[in-house]
Every structure is written in structure tokens, then in C-alpha cells.
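# Residue-level structural notes
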Amino acid sequence: MAAIDTTIIKDTPASPAAAGDYEYVIESKDLCLYYGKTMALKHISMGIRANSITAIIGPSGCGKSTYLRCLNRMNDLVPGVRVTGSSTFKGRNIYDRDVDVVALRKQIGMVFQKPNPFPMSIYDNVAYGPRIHGTRNRQELDRIVEKSLRQAALWDELRDRLQDSALSISGGQQQRLCIARCLAVEPEVLLMDEPASALDPIATSKIEDLMRVLKEKYTIVIVTHNMQQAARVSDRTAFFLMGELIEYDNTRKLFETPSDRRTEDYITGRFG
Amino acid sequence: MEHRYLINNVGIGLLWVSGCITVLSLLVIIVYILAQGLPVVTWGFLTQNPASHDRAGGIFATIVATVAVTLIAILVSTPISVAAAIYMAEYAGDSWLTNLVRFGADSLAGIPSIVFGLFGYIMFVHYAGWNYSLLAGGVTLALMALPIILRVSEEAIKVVPDSYKHGSLAMGASKWQTIWKVVLPTALPGIITGVILGMGRAVGETAAVLLTAGSWAKVPGSVFDPVRTMTVHIYTLATENLSMKNAYGTAAVLVIMVLAITLTSNYLTRRYIKKLGGSR
């Protein structure tokens with residue numbers, strides 16, 4: 001596991017608090033990330049509001065996925081990664097030494113680019129999270145599975161197939177199953193890394209509908225290379241370029257009247 | 001153009017002939033052994049012990065010995081080698097230590113069995129004071145099965161997609177939970193293949209068990225009793241010219257046992273993979 005070198009910029013007292021107590025559920029300050037000697041993220045400072053959808057766009061290799069993976073410390077898994085600056089979750093710097101990464105990831109769930117259901121039954125996939133966090137009671141698990149699948153708009157499609165292998169359903173269903181699997185541990189934030197890029201347009205629109213519903217309860221951050229998707233679903237959009245945050249604004253404002261030339265060039269398709 | 005087609009056809013022809021030779025030689029051996037051996041195999045042959053100084057009688061004690069020795073070998077080697085495989089594939093990474101273990105395992109797998117026999121004889125029969133026994137034979141065979149199970153399991157664990165591990169870790173599972181609940185179940189068919197290969201080596205071994213388990217053709221009362229496995233029985237019957245007929249009979253039973261193990265495990269693995277949903 002990679003050694004994480006942290007410089008704490010702001011030290012806020014850790015107290016259990018509701019998301020509403022902070023202007024930003026997640027707030028990064030001067031966050032830099034290095035792969036060995038290469039600087040992949042350059043002084044990123046941005047805040048993410050509760051119960052909203054924040055989209056991160058930018059060309060391939062701009063650091064958008066890398067940034068997303070900073071927010072639940074999935075970059076810890078990459079050898080040779082070093083992070084400086086801070087990123088807080090509800091006021092607490094997640095790069096502090098005494099942060100329990102396991103507990104953090106329970107609160108900040110992640111959906112990946114390629115649907116990655118485990119090779120087990122649909123039921124076991126959704127029950128996986130609650131089980132590893134200690135829920136053993138069958139009725140309780142049944143309840144969580146149903147609730148999570150309903151939230152992911154999958155219950156009616158799959159209610160009679162819960163014991164089937166999760167690999168036997170379609171790609172779009174698999175991705176929604178992965179969302180349901182995340183929801184089962186009741187996170188507060190959902191990080192989505194190009195969740196629809198491997199899906200057809202119909203499955204994509206289902207995921208987008210789902211996101212609009214889910215933002216009532218959850219805070220969503222989505223990385224996408226699809227600008228229309230960002231424009232359709234998100235409230236705020238961040239534009240990344242070569243490891244830098246170029247512009248971050250209300251989605252409408254960013255797409256209609258971008259203040260940076262590079263943003264305009266990108267969204268009008270002049271490069272990328 | 002013509003020339004190119006000719007070379008192409010000759011090439012394909014050679015490959016085809018090679019394939020045929022492989023399949024045919026296998027078939028000839030199996031058919032020959034079964035043809036020679038099966039007429040001897042009766043219910044009495046399977047359930048009675050050798051009689052008249054091995055010239056007559058059955059092979060019951062040697063079947064018991066082979067099963068027992070193999071069981072001990074697998075029970076001892078599987079936990080150790082699977083644990084080592086997990087460590088190497090998931091924790092150690094590519095360090096000098098894992099490379100050394102891998103090199104060691106590969107070398108172990110290539111060492112002639114008589115050398116294992118000699119080692120087992122000195123270590124277990126002699127120093128440990130287990131004498132010629134089921135236990136000494138089983139543990140020696142465990143050493144031989146170890147590198148096979150280790151390497152096959154390691155590969156099986158390594159090919160579990162990272163996306164599964166990341167999916168699990170991203171939900172707040174610990175590394176251990178991820179390995180136990182996601183990685184191992186996914187790698188299980190491969191691990192079972194390794195165990196079966198290790199079993200095959202144990203069942204078929206002669207020299208190593210001759211030097212460690214002895215050649216006592218009676219049903220053992222405890223793990224410290226000497227035994228004679230089927231392979232050693234065949235060796236004894238053939239080299240001392242006691243009964244070629246019974247040697248072939250024993251060989252036929254051995255071949256059928258190995259085939260049965262392989263077919264059963266193939267069937268179970270396929271069913272398991274289907275359950276995982278990987279049948280696409």
C-alpha cells in the first residue's frame with residue numbers, strides 16, 4: 001500500500017455532524033497528487049455541496065478520475081502515489097493519519113466505469129456491504145436488499161431473479177446493481193467514475209434518471225467525458241485540464257458563458 | 001502462391017499428426033492397461049488383501065493406503081500452499097522474497113521424487129522417529145504437492161480482476177474481507193485445479209512412498225503403521241515377478257481412480273463456474 005504523505009493545511013475539530021452543517025460536504029484545498037515525480041493534480045481547491053450533482057469534465061488524462069479517487073482515498077491502492085494539501089469530508093481532513101479509511105469508504109461510495117458486480121447472486125451482491133459491516137439478520141438483509149434495489153429502480157425488473165448470478169443480467173442492469181450495492185451501506189456521497197460510458201443510450205438515460213432521484217438523499221460527484229451528460233444532469237460542473245482545475249461554476253453558466261477561454265474551446269469541441 | 005499453400009498445408013498436417021500421436025499414445029496406454037487389468041478386477045480383488053506372499057489375493061489394503069496417504073498429503077499441503085499463495089499474490093508483491101519463493105517452488109516441482117523419498121526417509125522416518133509409516137509417507141507427499149498447489153493457486157488468485165477488489169474496497173471492506181469474500185471464491189475453481197494436480201502427483205508417486213511409508217500390505221491401524229500404496233504394490237509385483245496379472249489389475253484400478261478424480265473435479269468446477277455466472 002502506498003505511503004501517504006500528508007500536509008495538513010486546515011485542522012478542523014472532528015465532530016459528528018450532519019451534512020447540512022457545512023457549506024461543502026467535501027472540500028479540497030490546495031490538493032496535489034504525484035505519481036512518483038509526475039504531478040498529476042495541481043493545487044486543486046473546490047467544494048462540493050450536499051444533495052447536488054457535481055460533474056467533472058475534461059479531456060482524457062486531465063486528472064478528473066484521479067481527483068475523484070482522492071475523495072475516498074482509492075488512490076492509496078496505487079503504488080507510488082503521494083498526496084499533499086487537504087481534502088475534507090464534513091470538516092475532517094480525510095488525509096489525516098488517524099482517519100479510518102474503511103469507515104470513510106463506507107460513507108463515500110463509488111461506482112466504477114465498467115460495471116463490476118461480484119460473481120455471486122444479485123442478492124449477495126447487494127447484501128455484500130451490509131454483511132461486511134456486520135449485519136447478519138436475514139430479515140434485515142432482505143429489507144436492505146429490497147430497499148436498495150428499489151432505490152436503484154431495479155426491484156421490479158429483478159425481484160424474481162434475486163438468486164440468479166449478477167453476471168447474467170444486462171450491462172445497464174449490472175451498473176444499476178452496482179449503484180444499489182453502494183446504496184446498501186447507506187453512504188452520504190456517491191462518487192461515479194464515468195458510470196455510463198460502457199452503456200448504450202437507453203441504459204445511460206436510466207442511470208441519469210436515477211441520479212436525479214438519488215440527489216434528493218445523496219451527494220453525487222460524477223466524472224464524465226460526455227459533456228451533454230454533464231449538462232443534462234449536473235448542478236455544478238468543474239472543468240479539469242492537465243491536472244489543473246480551470247473553471248468551476250454552475251453548470252448552466254459554465255456551458256453557456258464560460259469565463260475561461262480554455263473551457264470554451266473544450267465545450268465547443270475545439271480540442272479533446 | 002502455390003508454394004505458400006503447400007507450406008501452409010504441410011504445417012497444418014504436421015500439427016494434426018502431432019495431435020493424433022498425443023491422443024493416440026494416451027488412448028493406447030489406457031486401453032492396454034484396462035484390457036490387461038480389468039479381467040482380474042473382481043469384487044474379491046477389490047475387497048481382499050494380498051495372499052500367498054502377494055502372488056494371489058486382492059488389493060484392498062493398498063487402496064486404503066493410497067487413499068489415506070493422499071488424503072494426508074492434501075490435508076497438510078493445501079492450507080499451507082493456499083495461504084502462501086494468498087500472501088504472494090496479494091500482500092508481498094514482486095519482491096526478492098516472492099521471487100525466491102517462486103524459484104524455490106519451481107525447483108521443488110522439478111526435483112526427482114526419489115530425492116524427496118530420501119529426504120523424507122532421513123527427516124521423518126529416521127530423525128522424527130515415525131518409522132516407515134502412513135504419516136511419514138503422507139507428509140513427504142505433502143512436500144511434493146506443495147509447490148504445485150502453490151503455483152497454480154497463486155496464478156488463480158492473480159487473475160481475479162482488480163475491478164472486483166476495488167469494488168469491494170470502495171464499499172469499506174477491509175483487505176482481508178475482500179480476499180476472503182470476493183477473491184478466494186472467484187479463484188476457487190483454479191485453486192481446486194491445483195489441489196487436483198497435487199493429488200495426482202501424490203496418488204501416482206512410487207519412489208518417495210516406498211522409502212517413507214514402507215511396503216507392508218496390511219490395512220493400517222494408525223498413522224504410525226507402515227503401508228503399501230497401489231503404486232508400490234505394482235512395483236513389487238512386477239519387479240519380483242510375483243504376479244503380472246495382479247500388477248495390471250492394480251494398475252487398471254489406479255487408472256480408473258485417477259480418471260474418476262479428474263472427471264469429478266472437472267464436473268464440480270464447471271458447475272461452480274456456472275453458478276458464478278462465468279459461463280458466458
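Residues numbered from 1 in each chain as written. Chains lettered and ligands numbered in written order. Predicted model: local features only at pLDDT ≥ 70, side-chain atom pairs only at ≥ 80, totals over all residues. Heavy atoms only, no water.

### Details of the overall build of chain B
- Within chain B one finds eleven helices and two strands.
- Along chain B, from the amino end to the carboxyl end, the secondary structure elements read α-α-β-β-α-α-α-α-α-α-α-α-α.
- Projected onto the principal axes, the alpha-carbon positions of chain B cover approximately 70 × 65 × 35 Å.
- Expressed as a percentage of contacts within chain B between residues at least 6 apart in sequence, the contacts between residues at least 24 apart total 73%. (Helix = DSSP H or I, 4+ residues; strand = E, 2+ residues; numbered from the N terminus. Contact = heavy atoms within 4.5 Å.)

### Some thoughts on the packing of aromatic side chains
- The full count for this structure, using the stated rule, is eight aromatic pairs over all chains.
- Ring geometry for B:F119 against B:F124: centres 6.3 Å apart, planes inclined by 85 degrees, an arrangement best described as edge-to-face.
- You can call B:F124 buried: its relative accessible area is 12%.
- Relative to B:Y132, the ring of B:Y121 lies with its centre 6.0 Å away and its plane at 35 degrees, an arrangement referred to as tilted. With a gap of eleven residues between them, B:Y121 in helix α5 (residues 113–127) and B:Y132 in the loop between α5 and α6 (134–158) connect regions that are remote in the sequence.
- Taken together, the ring pairs in this structure connect B:F119, B:F124 and B:W130 into an aromatic cluster.
- In this structure, A:R82 is placed above the aromatic ring of A:Y34, and the distance from its NZ or CZ to the ring centre is 4.5 Å. (Phe/Tyr/Trp six-rings, centres within 6.5 Å; stacked < 30°, edge-to-face > 60°. Buried < 20%, exposed > 50% of the residue type's maximum accessible area, 1.4 Å probe, protein only. Lys NZ or Arg CZ within 6 Å of the ring centre and 35° of its normal.)

### Quick word on the interface of chain B and chain A
- Taken residue by residue, the interface counts 21 residues in chain B and 25 residues in chain A.
- Carbon and sulfur atoms make up 63% of the area that chain B and chain A hide from each other, which totals about 1900 Å².
- Where chain B meets chain A, there are zero salt bridges.
- On the surface where chain B and chain A come into contact, there are four residue pairs in polar contact (both at pLDDT 80 or more).
- When contributions to the side of chain B that touches chain A are tallied by element, the ones reaching two or more residues are α7 (162–169), α8 (175–204) and α11 (244–276) of chain B.
- Here the side of chain B that touches chain A gets six residues from one element, more than from any other, and that element is α7(B).
- Grouping the constituent residues of the side of chain B that touches chain A by class yields seven nonpolar, eleven polar and three charged. (Buried area = accessible area lost by both parts, 1.4 Å probe. Salt bridge = Lys/Arg side-chain N within 4 Å of Asp/Glu carboxyl O. Polar contact = N/O pair within 3.5 Å; in protein donor to acceptor, adjacent residues only side chain to side chain. Nonpolar A, V, L, I, M, F, W, Y, C, P; charged D, E, K, R; others polar.)

### Brief notes about the environment of B:L184
Residue and element names in this part refer to chain B.
- Relative to the assigned elements, L184 resides in helix α8.
- For the pair L184 and I157, spaced 27 residues apart in sequence, the C-alpha separation works out to 7.0 Å.
- Ignoring any residue separated from it by four or fewer positions in sequence, one finds L184 in contact with I86, I157, I179 and I191.

### Let's talk about helix α4 (residues 96–110) of chain B
- Compared with an ideal rise of 1.5 Å per residue, which puts 15 residues at 21 Å, α4(B) spans 21 Å between its outermost C-alpha atoms and is within 8% of the ideal.
- Against the buried residues of α4(B) lie α3 (60–92) and α6 of chain B. (Expected span 1.5 Å × (residues − 1).)

### Topic: the domain arrangement of chain B
All names here are of chain B.
- Once the domains are mapped, chain B shows domain 1 (2–40) and domain 2 (43–276).
- For domain 1 and domain 2, the distance between their C-alpha centres works out to 30 Å.
- Here domain 1 and domain 2 share an interface that buries about 740 Å² over both sides, 86% of which is from carbon and sulfur atoms.
- Linking domain 1 with domain 2 are zero salt bridges.
- Scanning the region where domain 1 abuts domain 2 turns up zero residue pairs in polar contact (both at pLDDT 80 or more).
- In terms of residue class, the side of domain 1 that touches domain 2 is made up of six nonpolar, two polar and no charged. (Domains from an automatic or database assignment.)

### Regarding the environment of A:P201
- With respect to the helices, strands and loops of the structure, A:P201 is situated in helix α7 (residues 201–214).
- With 29 residues separating them along the chain, A:P201 and A:G172 place their C-alpha atoms 9.8 Å apart.

### Some points on the sheet that holds strand β9 (residues 236–241) of chain A
Residues and elements named next belong to chain A.
- The mixed open sheet is built from six strands, whose spatial order is β6-β7-β8-β3-β9-β10. At either margin of the open sheet sits one strand with a lone partner, and together these are β6 (108–111) and β10 (244–250). Shown here is a sheet whose adjacent strand axes are inclined to one another by a mean of 15 degrees, direction ignored.
- One ladder, built from four bridges, connects strand β3 (residues 53–57) with strand β8 (residues 219–223); its direction is parallel. Residue pairing in the sheet places I56 in a bridge with V223 of β8.
- Packed on one face of the sheet, helix α6 (residues 171–183) meets β6 and β7 (189–193) and runs near 170 degrees to β6.
- Contacting β3, β7 and β8, α7 crosses the sheet at an angle of about 150 degrees to β8. (Pairing = 2+ DSSP bridges. Axes fitted to C-alpha atoms, helices over the stretch in contact; angles between N-to-C directions.)

### Details of the packing of α3(B) against α4(B)
All names here are of chain B.
- Axis separation between α3 and α4 bottoms out at 11 Å; the angle between their running directions is 150 degrees. Considered as vectors, α3 and α4 are oriented roughly antiparallel to each other. Between α3 and α4 the crossing geometry is left-handed. Contacts between α3 and α4 pair Y87, M88 and A92 from the former with L97, T98, V101 and R102 from the latter.
- Tallied by class, the residues present in the contact of α3 with α4 amount to five nonpolar, one polar and one charged. (Parallel < 35°, antiparallel > 145°, perpendicular 65-115°, else oblique. Left-handed = near helix turned anticlockwise from the far one by under 90°.)

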